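Notes for the structure review
Listed below are the residues making up each chain.
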Amino acid sequence: MNQRFHFLRFGSVVVDIGAAPGGWLEVVSQTVGSRGKVIGVDLDPIEALPNSNVVVFQDDVTSPGFAERIENEIGKGKADCVLADLSPKLSGVWDMDHYKQIDLCHSVMDMLPEILDLNGSIVMKAFQGNELSDLIQRLKLSFAKFEISKPEASRKQSSEVYLFARGFKGRVAKRETEDEEEKHQYEEPSDLIASDSL
Ligand SMILES: C[S@@+](CC[C@H](N)C(=O)[O-])C[C@H]1O[C@@H](n2cnc3c(N)ncnc32)[C@H](O)[C@@H]1O
């Protein structure tokens, strides 16, 4: 995905939410190099990496104060990129798992103004289903550009997609269910650029 979207660069500060066991962390750490920084966080413990540019800790993205704890780990400034590869514990009932997973994605969206820099980017895994279009709409309204990546192996309805958005505007549109009117104040037709849609 980085070869396609170029969201990771040497020196980038990256927050990886839902990072255990740590496969992405390894790759990101090498890509951002010694000038960069990677913060990996998960409900499950993550084995510390020897790489000096990686910090890991255990935390729940839905818990109060999560964004502040990430801010503290970042230190000065904000992240250039947020990765969210979140999966709830699967029940096997796709609709239920889909709702839970999309809720986790919205939790990440809610905290972006605190942790993601202006013009920053995000890569987010999402389970396909009824709630996906609202999440996509929120991303489109909050970023200058939006793209969706559906790997060949994940084209079924009960499967996952990767959402990529860049050009963070510094604030996020509210969830569809929160406040219809306020959501539209962020809507600018020129901002709604999608290379793909469901
Ligand atoms: C598919 S795994 C991530 C794999 C990771 N990208 C890698 O490269 O190893 C999904 C992760 O989401 C985490 N997760 C689920 N709910 C979470 C929550 N509320 N807060 C933080 N992490 C959560 C799970 O514990 C799980 O480790």
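Before any of the text, the structure's been laid out above.
So, here's what we can say about the structure. (Residues numbered from 1 in each chain as written. Predicted model: local features only at pLDDT ≥ 70, side-chain atom pairs only at ≥ 80, totals over all residues.)

Some words on the packing of helix α3 (residues 66-74) against helix α4 (residues 94-115)
Contact geometry for α3 and α4: axes closest at 10 Å, N-to-C directions at 40°. The angle between α3 and α4 falls in the class oblique. For the pair α3 and α4, the crossing hand works out as right-handed. Of α4, the residues touching α3 (which contributes F66, A67, I70, E71 and I74) are M111, E114 and I115. For the contact of α3 with α4, the class distribution of residues is 6 nonpolar, no polar and 2 charged. (Axes fitted to C-alpha atoms, helices over the stretch in contact; angles between N-to-C directions. Helix = DSSP H or I, 4+ residues; strand = E, 2+ residues; numbered from the N terminus. Parallel < 35°, antiparallel > 145°, perpendicular 65-115°, else oblique. Left-handed = near helix turned anticlockwise from the far one by under 90°. Contact = placed C-beta atoms within 7 Å. Nonpolar A, V, L, I, M, F, W, Y, C, P; charged D, E, K, R; others polar.)

Notes on the site of the ligand
Near the ligand, the surroundings consist of 18 residues, among which G18, A20, G23, W24 and D85 are the closest. Of the residues that constitute the shell around the ligand, the class distribution is 9 nonpolar, 5 polar and 4 charged. (Near = placed C-beta within 6 Å.)

Things to note about the packing of α4 against helix α5 (residues 132-142)
Close contact between α4 and α5 brings their axes to 10 Å; oriented N to C, the two are set at 15°. In terms of their interaxial angle, α4 and α5 are classed as roughly parallel. The hand of the α4/α5 crossing is left-handed. Where α4 approaches α5, its residues I102, C105, H106 and M109 are matched on the opposing element by L132, L135 and R138. Taken together, the residues of the contact of α4 with α5 sort by class into 5 nonpolar, 1 polar and 1 charged.

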